[in-house]
Amino acid sequence: MVVTVAATGPGTDAESVQSTFFASRYVRDALPRYRMPERSIPREAAYQIISDELMLDGNPRLNLASFVTTWMEPECDKLIMGSVNKNYVDMDEYPVTTELQNRCVNMIAHLFNAPIKEDETAVGVGTVGSSEAIMLAGLAFKRKWQNKRKEQGKPYDKPNIVTGANVQVCWEKFARYFEVELKEVKLSEGYYVMDPMKAVEMVDENTICVAAILGSTLTGEFEDVKLLNDLLTKKNKETGWDVPIHVDAASGGFIAPFLYPKLEWDFRLPLVRSINVSGHKYGLVYPGVGWVIWRSKDDLPEELIFHINYLGTDQPTFTLNFSKGSSQIIAQYYQLIRLGFEGYKSIMENCKENAAILREGVAATGRFDILSKETGVPLVAFALKDSSRFTVFDISENLRRFGWIVPAYTMPPDAEHVAVLRVVVREDFSRSLAERLLGDIVKILRELDAHAAHAMKASTVVAAQAAGDGVAAKKSSLEIEREIMARWRNAVNKKRTGVC
């Protein structure tokens, strides 16, 4: 890279000279980290400095912790860059962008079997992700419940939501931010999703909704929304309540319609009143875009919708923020019309098959128990059968040597003694990458086995020497490692985990 720098010195007039960036002062001079620098620097220098630091980030394509899309077609990249300067909220100035969002809402609503008549449009909105979508859906449930309680002359100050303990942290945020009690169904070893029977038992007159997860963050498993609907319908009939269901389909909403079309989880079930889905996960769009769809207009209280006119015309808005980019909305529309049902189905089938290859390879090592199910989000969650010599945290750390980012985490309360590795299979994770990952896992297992055997041998020698000298044996390196790992596990167990 060539950068223009100013050269000054005794007897030398200031002049512009051409030099490479790495021969300039910008390489050797430290830049302020937490205060804005006093002087400007050339744009080429700023670019190179930031680019160099970003090299230390992980490779997004090898980040197997995340459900988020890391690859799109070049044509879509061009559309994104061409609209990066458009503020979506300026609907009057960018009417076509607004129309594209409305088309996306309707396409997704039909995909989820919303009961829309020929002369009706779907009720929904684009968001910056499923977290915002869940906040909006939760607010609609809370306000509708409060209005009904007021009409009945009953207290409306103690709303609650029933979920499984496997929910993503955004549900905890909603409960805390908007003062709603979160009643969690505890998990157990071998059953890592919400039990519909236990969930319905926790429902009371203050329950604003029951949240079901279509694609658990922990294991990718789909919760049984159909059974939940049937059990809750029965309880509503017995009690006279009208407790609805929200489906958090952040990960599974763009999977189930293509791989499991007969599975009833969406608006085909009467009690499902709203659904959120992440466009930036298996909707195949870069972060951040999400969607929330309501069954009908009656499920979104009118008083939550704001109307503004200072941008040119009357504009209804129901979001937590105001300004946001248009790029991801346009990218979502591109994917929907570019791929169509056929294209999405083909991609999801590829993901499922590659996950199956990976699952078979992990199981073939004989060292792991597979915790994820074959039906659900295409991922593989697995735990060591024997963690006495090393743990999944050791494997996760060693995989980074090969470039892989594979998370290790413990399950939520009542199953926190189970520690797992999880590999999310996305569109750009090919079979060849799956086979290479398996090869690297096998290499690491051999290395950790050898290290554990060496540590054990060393500890035996130390113990024998100490016994011969008649003195107490010092802790072996293996024992010290186990103590350190035990303390780390205890610290990790105190945290709620699961990567979005």
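What counts and what doesn't
Residues numbered from 1 in each chain as written. Predicted model: local features only at pLDDT ≥ 70, side-chain atom pairs only at ≥ 80, totals over all residues. Heavy atoms only, no water. Helix = DSSP H or I, 4+ residues; strand = E, 2+ residues; numbered from the N terminus. Buried < 20%, exposed > 50% of the residue type's maximum accessible area, 1.4 Å probe, protein only. Contact = heavy atoms within 4.5 Å. Areas by Shrake-Rupley, 256 points an atom, 1.4 Å probe, with all protein chains shown as cover. Salt bridge = Lys/Arg side-chain N within 4 Å of Asp/Glu carboxyl O. Axes fitted to C-alpha atoms, helices over the stretch in contact; angles between N-to-C directions. Parallel < 35°, antiparallel > 145°, perpendicular 65-115°, else oblique. Left-handed = near helix turned anticlockwise from the far one by under 90°. Nonpolar A, V, L, I, M, F, W, Y, C, P; charged D, E, K, R; others polar. Pairing = 2+ DSSP bridges. pLDDT = per-residue confidence, 0-100.

Q: Can you help me understand the overall build of the protein chain in this one?
A: Along the protein chain, the regular secondary structure elements total 13 helices and 15 strands. Taken over 500 residues, the protein chain has a buried fraction of 49%. Excluding contacts between residues fewer than 6 apart, the proportion of contacts in the protein chain whose partners are at least 24 apart in sequence is 69%. Element-wise, carbon and sulfur atoms account for 53% of the exposed surface of the protein chain, whose accessible area totals about 25,700 Å².

Q: What should I look at first to understand the pattern of salt bridges in this one?
A: Summed over all chains, the structure comprises 17 salt bridges. Salt-bridge contacts for R103 lead to E99; the nearest nitrogen and oxygen are separated by 3.1 Å. Within this pair, R103 and its partner E99 are both found in helix α4 (residues 95-111), separated by 4 residues, close to a single helical turn. Under the relative-accessibility criterion, E99 is labelled partly exposed at 36%. Between K443 and D440 there is a salt bridge, with the nearest N and O atoms lying 3.9 Å from each other.

Q: Whenever I open this one, the packing of helix α5 (residues 130-151) against helix α6 (residues 169-177) confuses me. Can you help?
A: A pair of packed helices is characterised by two quantities: the angle between their axes and the separation of those axes. Two numbers describe how α5 lies on α6: the axes approach to 9 Å, and their chain directions differ by 45 degrees. On the basis of the axis angle, α5 is oblique to α6. When the axes of α5 and α6 are compared, the crossing they make is right-handed. Residues S131, I134, M135, G138 and L139 of α5 lie in contact with α6, whose contacting residues are C170, W171, K173, F174 and Y177. Looking at the contact of α5 with α6 residue by residue, the class counts come to 7 nonpolar, 2 polar and 1 charged.

Q: Just to check I follow, could you spell out the pairing of strand β15 (residues 419-424) for this structure?
A: Each regular strand shows side chains that alternate between the opposite faces of the sheet. Among the 6 residues that make up β15, 6 are buried, leaving the element largely enclosed by the rest of the structure. Side chains A419, L421 and V423 of β15 all project onto a buried face; the interleaved residues V420, R422 and V424 project onto the opposite face, where all are buried too. Here strand β13 (residues 379-384) runs beside β15; their pairing, made up of 4 bridges, is antiparallel. Looking at β15, one finds that V380 is bridged to V423.

Q: Before we go on, may I ask you to explain the sheet that holds strand β6 (residues 207-213) in this structure?
A: Through backbone hydrogen bonds, the strands of a sheet pair up, either in parallel or in antiparallel fashion. With respect to topology, 7 strands assemble into an open sheet ordered β3-β9-β8-β7-β6-β4-β5, the strand pairing being mixed. Unpaired on one side and paired on the other, β3 (123-127) and β5 (181-185) mark the two borders of the sheet. Within this sheet the neighbouring strands show an average axis-to-axis angle of 20 degrees, counted without direction. Relative to strand β8 (residues 272-278), strand β7 (residues 245-248) is paired through 4 bridges, and the arrangement is parallel.

Q: I tried to follow unusual backbone geometry on my own but got confused; where do I start?
A: Apart from glycine, the bulk of residues carry a negative phi angle, and the bulk of peptide bonds sit in the trans form. The step from P287 to G288 runs through a cis peptide bond, and the omega angle for that step is 5 degrees. Looking at where G288 falls in the secondary structure, it is placed in the loop between β8 and β9 (290-294). Even without a glycine there, the phi angle at E179 is positive, about 55 degrees. Inspection of the secondary structure puts E179 in the loop between α6 and β5. For D414, which is not a glycine, the phi torsion comes out positive at approximately 80 degrees.

Q: Hey, could you run me through the pairing of β3 in this one?
A: Judged by how many residues are buried, β3 sits mostly within the fold: 4 of 5 residues are covered. One ladder, built from 5 bridges, connects β3 with β9; its direction is antiparallel. Pairing of V123 across the sheet is with W294, part of β9.

Q: Where do I start with the sheet that holds β13 in this structure?
A: Spatially, β12-β13-β15-β14 is the arrangement adopted by the 4 strands of the open sheet, whose pairing is antiparallel. Edge positions in the open sheet fall to β12 (368-370) and β14 (408-410), since each of these has one partner strand only. Taken over all neighbouring pairs, the strand axes of this sheet differ in orientation by 35 degrees on average, direction set aside. By the bridge criterion, 3 bridges tie β12 to β13 in an arrangement that is antiparallel. Bridge pairing links I370 to F382 in β13. The sheet contacts of helix α10 (residues 327-364) involve β12, β13 and β15, and relative to β13 the element is tilted by about 10 degrees. The strands touched by helix α11 (residues 392-399) within the sheet are β12, β13, β14 and β15, with β15 carrying the most contacts at an inclination of about 35 degrees.

Q: Would you mind showing me how to read the confidence of the model for the protein chain here?
A: Low pLDDT marks regions whose predicted coordinates should not be analysed in detail. Overall, the predicted model of the protein chain reaches an average pLDDT of 89, with 86% of residues at or above 70. Low pLDDT (under 50) marks residues 5-17, which in the prediction has 14 contacts with non-local residues, meaning those over four places away or in another chain. Counted against residues more than four places away or in other chains, residues 495-500, with its pLDDT under 50, gives 20 contacts.

Q: Can you help me understand the packing of α4 against α10 in this one?
A: Here α4 crosses α10 at 45 degrees, and the two axes come no closer than 9 Å. Overall, the two elements α4 and α10 adopt an arrangement that is oblique. Between α4 and α10 the crossing geometry is left-handed. Between α4 and α10, the residues in contact are T97, L100, Q101, R103, C104, M107 and L111 and I329, I330, Q332, Y333, L336, I337 and F341, respectively. Residues that form the contact of α4 with α10 fall into these classes: 10 nonpolar, 3 polar and 1 charged.

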